[in-house]
Each structure stands twice: as structure tokens, then as C-alpha cells.
Amino acid sequence: METVIELKNIYKTYVMGSEDLTVLKGVDVTIHMNEYVAIMGPSGSGKSTLMNIIGCLDTPTSGDYILRGQNVSEMDDQELAEVRNKDIGFVFQTFNLLARIDALRNVELPLVYSGMGKEERLEKAENALINVGLEDRMTHKPNELSGGQRQRVAIARALVNNPAIILADEPTGNLDTRTGEEIMALFETLHENGNTIILVTHEEDIAKHAHRIIKIRDGEIESDMINPSKVKKTAVPVE
Amino acid sequence: MGYFENILLALNSLRTNKLRAILTLLGIVIGVFSIIAIMTLLNALQAGIDTGLSQLGSNTFQIQKFPAIQFGPGNSKLRNRPDITYDEGVRLKERATVYKYMSLEFYEFAKTFKYESESTNPNFTIGGVIPDFLPCNDFSIQEGRFFTETEVFSASPVCVIGLETVDKLFKNINPIGKQILLDGRQFTIIGIYASKGAGFGQTQDNYAFVPITRFLQAWGSREKSCNIAIQAPSKETYNECQENVISVFRVIRKVKPGEADNFEIYSNESLMGTVNSFTQYFKYGAGVISFISLLAAGVGIMNIMLVSVTERTKEIGIRKAIGAKNVVILRQFLIEAVTLCLIGGIIGIVLGIAVGNAVGIFLNSPVVIPYDWVLIGLVVCSAVGIGFGMYPAYKAAQLNPIDALRYE
């Protein structure tokens, strides 16, 4: 199976005044195409830092990060922006939609930044919204939508560029349980459609939707295993 | 992202903060308004002056006691100049050798004309002139005739009137041959001169011209100085003519060699030069005012853009997370600053042209649009937008996406 993400001996150190704080201490992870992975860990575990690195919002202090064959650990801001645009679809806990523009324009935005022509990107954005079941909410602004609908818009935005991975950071954290389950069901569908999903969470209930669970503690990988409840559906090799 | 979309985005964000945008715009509006209004007014006045001046005949210059336009307090040397008398004028006409026409003129201003029961407002002018007046001042006769040298010699009580007088006193009557009272003195109308239109805020159609000799008998020469208009034989002899007239007139006026002339020579060109040097000060003044207010406005723009960047930190984080490059963010905020400035600039330009022309029309000047200053205004506004928008935009572009996303 094709490798999408390869993290090799990743260290991340922050300089806090005179002290150095090492948040990630030699993390090795490989994620393949169409995997559904949850990264779990308590706050302070380095989970967020790892997510930022995987999301190309940050670069490791040392170690290599190979995303779809390209070494992003060496990239500068401009190149990282391009990788984020093309290869990563973010879904955030707080949705992070632009408040002043409607759902369609929000979903269209990544395509605007990738330089796609107007007609093509509108068509793609519409399709993405149809895929998440929001065909009748396209011209609504975020404040005219419910939390679940907003998260669907965010998912549509994450999908619109056909990224290598969908990186979801506590995607149900701001939703009630029922809506949260709906969103998780949507992720399941996306996974079945062939998307690679990385879910960052501290909630066991949410992580159990994933097919592979990586637990991280104090900057190191504590465990990396296949979710036993999902093992029947797909077999995922773990290195 | 295209510029057009960036502009829409900028307009959208300005709309969200209407009051703030308007207050910020005000500085730009005032700066641009002041320069455009003054330039429009000056151009309008200049156009008026140009047409007013061109009413002098071609190759013509004038001699008067005082300069046509004076700045500042008149100095005593000017004030003590002796009046130019009719005699001096006559002698100049006799002795000067290089000229084609020479007109001698005296004026009485603010007079009332009467015909039977009709009378004009007391703002009409009586001119005592000689036949050379016509070519020197580019006047022509529309009806009847002008008076002759003989009539000047005999001081005949005849006059030539203008269309405004005809309008006021002779509705549906042919004025030729009628008796008119000019400031209480009776004259026979022998002709009507063609309209000269309004130049520089005053009409020239409310004059009555009478033989200069009759004029001096009727109104005397006390406190009056003769205007002398001289037309050179040709363009080529213009300078020669002027030199000849000056040297002869110096002798007549008993100016010692080495002393300055005690009379003033001016022409269309020299008048224009004086006017131009005068308007120059206004231009500098307007320039300084605009510069200062645009500078202040620029600081306002920078301030508001910095606030905007801080308020929209989260938005910037989101945009960066989904792939906006630094340069895209920079451009977005820069275009927003420039859009803000240009809106202010356009409002200022429109107001400036409107007010400048309104004042110009009040002064009877033609409507003008100072295209060069409109262009300069727009360029300067863009420059202010770019200059003062650069730092906030740069700050926005350099935001760390992780921190920006976390910003609440």
C-alpha cells in the first residue's frame, strides 16, 4: 500500500527563555493511503505539536517528514503554504470558517489560493457541499448554520482540493454527542471513499471510530495499534 | 487570487466597519479635496482670465499709471506717480513713430444711464475714447457707426452703447438717433457695438463710449489717469514699437535717464505672467495643506489597518492554514489600504471639482476639470495607501499560522 506520511525520528524543541523544551522526542510514524488513524494523548503530550508538523503548519527541529514523497521538513514558509493547500485538508474543533462569506465561498477558498479558474472551482465547491449533504445551505453564512452544518462546511472545504490527508483536530469537540456521531459517520464514509484520515483527539469515544490508534505521551509514542473493534473491516499493517 | 476579488474582499471588510472606514476616509477626502478644489478654481479662473485678456487686440500693449494687478500694500513710489494726462497721450500719439493704432481712454465707473422713464442700475461705465479705441481693444460696431476724429475734435455729444444698455433701455425701440442721459448728461446714440461677452467675471456690454474731449468737458480730468492702448504694426515690430513708445513717453513724462519709468506697460503676456505668479502661491499653499493632511490621513490609515490586522488574526490564520501564501495575505491587506485611500481620493476629487467649479461659476469662469490633478490625486492616494498600508500588511503576512489560528 502506498505510503502517504513518513515521520522519521522527529524532534521538536522550543526555546523558552534560557531553557529548551523538547516536546517531541524521536517520533517515528508511517501512515498509508486510506488509513484512518487517531492520534491520542492527554494535553501536554506533544499531540498538538505533532499535528502541527503533520499539517505542515510547523517544521520539526530535526528528523525527516516525507509527505507524498516530498521532504517537507526542509521547506520554507512559501512551500509549506503550497503543501497545505494541495495535500492537506484541515478540520478544526472550532470549525474556523470565515464569518463574512457564505458556505460556498468558504469551500471555494482553497481553490482560489491554488489559482483555479472561477467556473471550475465553483463547480468543485458545489460538489463538495453536495457530498456533505449541504446542497441547500450553500449561500448561508456560518452564523446562519448549526454547529454540525458548520463542521460539514469545514469538511467540504478540507475535501475540495482532493488532499492526501484529512487532518481533523478534535472535530467533535464543539458539538453535542448526537451531532458529533453524525460527523464521525461522515468521516467513516469519507474513509470508505478512499480518503486518508488523521484524527487528533483526547476522547476515547471519538478515537474508537478510527481503525488505528496511536497514543502519545511525553513526546514519545506510547502505543500504536490496530483498533480491535474495527479489525474485521480492514486489515492495516503496522510497522 | 485576482485583484478584482481582492478589491471586493476589501470593500466587504470596509462595509463591515462603516463608521470606522468613513472616519479614516475623511482625512484622505480633506487632503485630496483641498488640492483639487484649489486647482479646479485656479484653472477655472485662469481660463476666465485667458479669455478676458485675449479681448485686448493682438500685438497690443497698454500704458497705465499703476500696474494692473498689485500684491501687498502699494508702495509710496507707486502712489506718488503723476496721473497720465490727455495732453501727454496726445503728444505721445504725435511723437511716437512706430505704431499702428493708439487709443486714449478715460473711464467713469458706476454711472446710471437713462432714456425717458427707463433707467439702468448704477453700475454702468462711461468711456471717453478716440476712434483708435476700436482696433486696439478688438471692439467692433454692430449697428450704426463709431464717432470720427472730427467729432472728437468738436467734442460732439454723441455716444456708442452696448447691448446691455439696449436691453435695459430700448426694448423694441431702435436706439440709433435717440437721446440718452449718461450720468445726467445728454448724448445722441449713433451706434451699438457688438457684444464682447463676459470676461473674468465682468461684462463689457454695459459701456457707453463718447468722444474723449466731450468726456473731459463733462466729467473733468481730476483724479483720472489716461489709459493708452497701442497696437504695433505687426508681430515683428512689436518690441520695436514698445521701445519707441517707452522712450518717447519717458521724455514726455520727464523721466530722467537712469530713473525707473513712472508708468506701467503691460500686455496680454505680462498680465498672464503676473496672474500665474500670483496663482502659484495658491498652488503651493494648497500643496502644503494637502501634503500635511494626507500625511495625517496616512497615519490614520496605518493605525486602522493595524487594528484590522489584529482583529482578523484568526482569519489570517485560517487563510494561511488552507494555503494562502504570505504574499497573498500581504496583497490582500495592501489592496484593502489602497482601496480605502482611493475611495477617499475619489470622493475628494468629486467634491473638489464640484466646489471649485461652483466658486468658479460664481465668478463667471468656465467649468473645468483639472485632469492632471485628478491623475496626480489618484496616484498620490495609491501611494499613501501602499506607503502606510505596507507595514500592517507585512505584519499580517508574517503572522505564524499556528498562533494566528489559536488567537481568539
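Engineer: Account for the overall build of chain B, naming residues and giving values.
Structural biologist: Broken down by element type, chain B carries 14 helices and 14 strands. For a compact globule of 408 residues, the expected C-alpha radius of gyration is about 22 Å, and chain B comes in at 32 Å, more than 25% above that figure. Projecting the C-alpha coordinates of chain B onto the three principal axes gives extents of approximately 105 × 60 × 35 Å. Out of the 408 residues belonging to chain B, those deemed buried represent 50%. Across chain B, every contact between residues at least 6 apart in sequence was considered, and the portion connecting residues at least 24 apart equals 77%.

Engineer: Let's hear about the interface of chain A and chain B: which residues, and what values?
Structural biologist: With 23 residues of chain A at the contact, the number on the chain B side is 24 residues. The interface formed by chain A and chain B holds 2 salt bridges in total. One salt bridge in this structure joins R100(A) and E315(B), with 3.4 Å as the shortest N-O distance. Inspection of the region where chain A meets chain B yields 6 residue pairs in polar contact (both at pLDDT 80 or more). Elements supplying a minimum of two residues to the side of chain A that touches chain B: α2 (77-87) and α3 (103-113) of chain A. The element contributing the most residues to the side of chain A that touches chain B is α2(A), with 6 residues.

Engineer: I'd like a description of the side chain of T60(B), backed by residues and values.
Structural biologist: All names here are of chain B. Along the chain, T60 falls in strand β1 (residues 60-64). Given the relative accessible area of 3%, T60 is considered buried. In this view, T60 contacts C136, A229, I230, Q231, Y238 and S267; residues no more than four positions away in its chain are not counted.

Engineer: Give me the environment of S247(B): which residues, what numbers.
Structural biologist: All names here are of chain B. Tracing the sequence through the fold places S247 in helix α9 (residues 238-252). On the accessibility criterion, S247 (40% relative accessible area) is partly exposed. On a C-alpha basis, the gap between S247 and V359 in space is 43 Å, while along the polypeptide they are 112 residues apart. Polar contacts involving the side chain of S247 include one to the main-chain carbonyl oxygen of N244, which spans 3.0 Å.

Engineer: Give me the pairing of strand β2 (residues 101-111) of chain B: which residues, what numbers.
Structural biologist: Residues and elements named next belong to chain B. Burial analysis of β2 places 8 of its 11 residues in the buried class, the great majority of the element. Pairing between β2 and strand β13 (residues 227-231): 5 bridges, direction antiparallel. Opposite E105, over in β13, you have N227 as the bridge partner.

Engineer: An account of empty space enclosed by the protein is requested, with residue identities and associated values reported.
Structural biologist: With the rule as written, the count across this model stands at 2 cavities of 30 Å³ or more. The space that makes up the largest cavity amounts to roughly 110 Å³. S13(B), L14(B), N17(B), R20(B), A21(B), T24(B), I304(B), M305(B), S308(B), R312(B), E336(B) and L340(B) are the residues that line the largest cavity. Those elements that provide at least two residues to the lining of the largest cavity are α1 (3-16), α2 (18-53), α10 (268-311) and α12 (326-362) of chain B. In terms of residue class, the lining of the largest cavity is made up of 5 nonpolar, 4 polar and 3 charged. Estimated volume of the second largest cavity: approximately 70 Å³. Residue lining of the second largest cavity: R84(A), N85(A), I88(A), G89(A), F90(A), P110(A), R157(A), A158(A), N161(A) and I322(B), and that is the complete set. When contributions to the lining of the second largest cavity are tallied by element, the ones reaching two or more residues are α2, β6 (88-91) and α5 (147-159) of chain A. Ranked by residues supplied to the lining of the second largest cavity, first place goes to β6(A) with 3 residues. Looking at the lining of the second largest cavity, its residues break down into 5 nonpolar, 3 polar and 2 charged.

Engineer: Outline a negative patch on the surface, supporting the account with residue identities and numerical values.
Structural biologist: Together, E119(A), E120(A), E123(A) and E126(A) make up a negatively charged patch on the protein surface. By secondary structure assignment, the location of E120(A) is in helix α4 (residues 118-131).

Engineer: Lay out the sheet that holds strand β9 (residues 212-217) of chain A with the relevant residues and their values.
Structural biologist: All names here are of chain A. On the basis of which strands lie adjacent, the open sheet formed by 6 strands has the order β6-β7-β8-β3-β9-β10 and mixed pairing. Edge strands, defined here as strands with exactly one partner in the open sheet, are β6 and β10 (220-226). Ignoring which end each strand starts from, the neighbouring axes of this sheet average 20 degrees apart. The strands touched by α5 are β6 and β7 (165-169); relative to β6, the strand with the most contacts, the crossing angle is about 170 degrees.

Engineer: Run through the pattern of salt bridges, naming residues and quoting values.
Structural biologist: One pass over the full model with this rule turns up 29 salt bridges over all chains. Of the charged contacts, one joins R212(A) and E35(A) as a salt bridge, the two residues approaching to 2.9 Å between their closest N and O atoms. Of this pair, R212(A) sits in strand β9 while E35(A) sits in the loop between β2 (19-32) and β3 (36-40), and the two are 177 residues apart along the sequence. Residue R212(A) shares its accessibility class with E35(A), and that shared class is buried. Ionic pairing is found between R185(B) and D183(B), a salt bridge with its closest N-O pair at 3.5 Å. Put simply, R100(A), R312(B), E315(B), R319(B) and E336(B) are held in one network by salt bridges that share partners.

Rules and cut-offs
- Residues numbered from 1 in each chain as written.
- Chains lettered and ligands numbered in written order.
- Predicted model: local features only at pLDDT ≥ 70, side-chain atom pairs only at ≥ 80, totals over all residues.
- Heavy atoms only, no water.
- Helix = DSSP H or I, 4+ residues; strand = E, 2+ residues; numbered from the N terminus.
- Rg over C-alpha atoms; globule rule 2.2 N^0.38 Å.
- Buried < 20%, exposed > 50% of the residue type's maximum accessible area, 1.4 Å probe, protein only.
- Contact = heavy atoms within 4.5 Å.
- Salt bridge = Lys/Arg side-chain N within 4 Å of Asp/Glu carboxyl O.
- Polar contact = N/O pair within 3.5 Å; in protein donor to acceptor, adjacent residues only side chain to side chain.
- Pairing = 2+ DSSP bridges.
- 1 Å grid on protein atoms, 1.4 Å probe; cavity = no way out; pocket = protein on both sides within 12 Å on 5 of 7 lines; lining within 4 Å.
- Points joined across faces, edges and corners; volume = space filled by probe spheres on them.
- Nonpolar A, V, L, I, M, F, W, Y, C, P; charged D, E, K, R; others polar.
- Patch = residues over 30% accessible without salt bridge, like charges linked within 9 Å, V, L, I, M, F, W, Y side chains within 5 Å.
- Areas by Shrake-Rupley, 256 points an atom, 1.4 Å probe, with all protein chains shown as cover.
- Lys, Arg positive; Asp, Glu negative; His and termini not counted.
- Charge placed at Lys NZ, Arg CZ, Asp CG, Glu CD.
- Axes fitted to C-alpha atoms, helices over the stretch in contact; angles between N-to-C directions.

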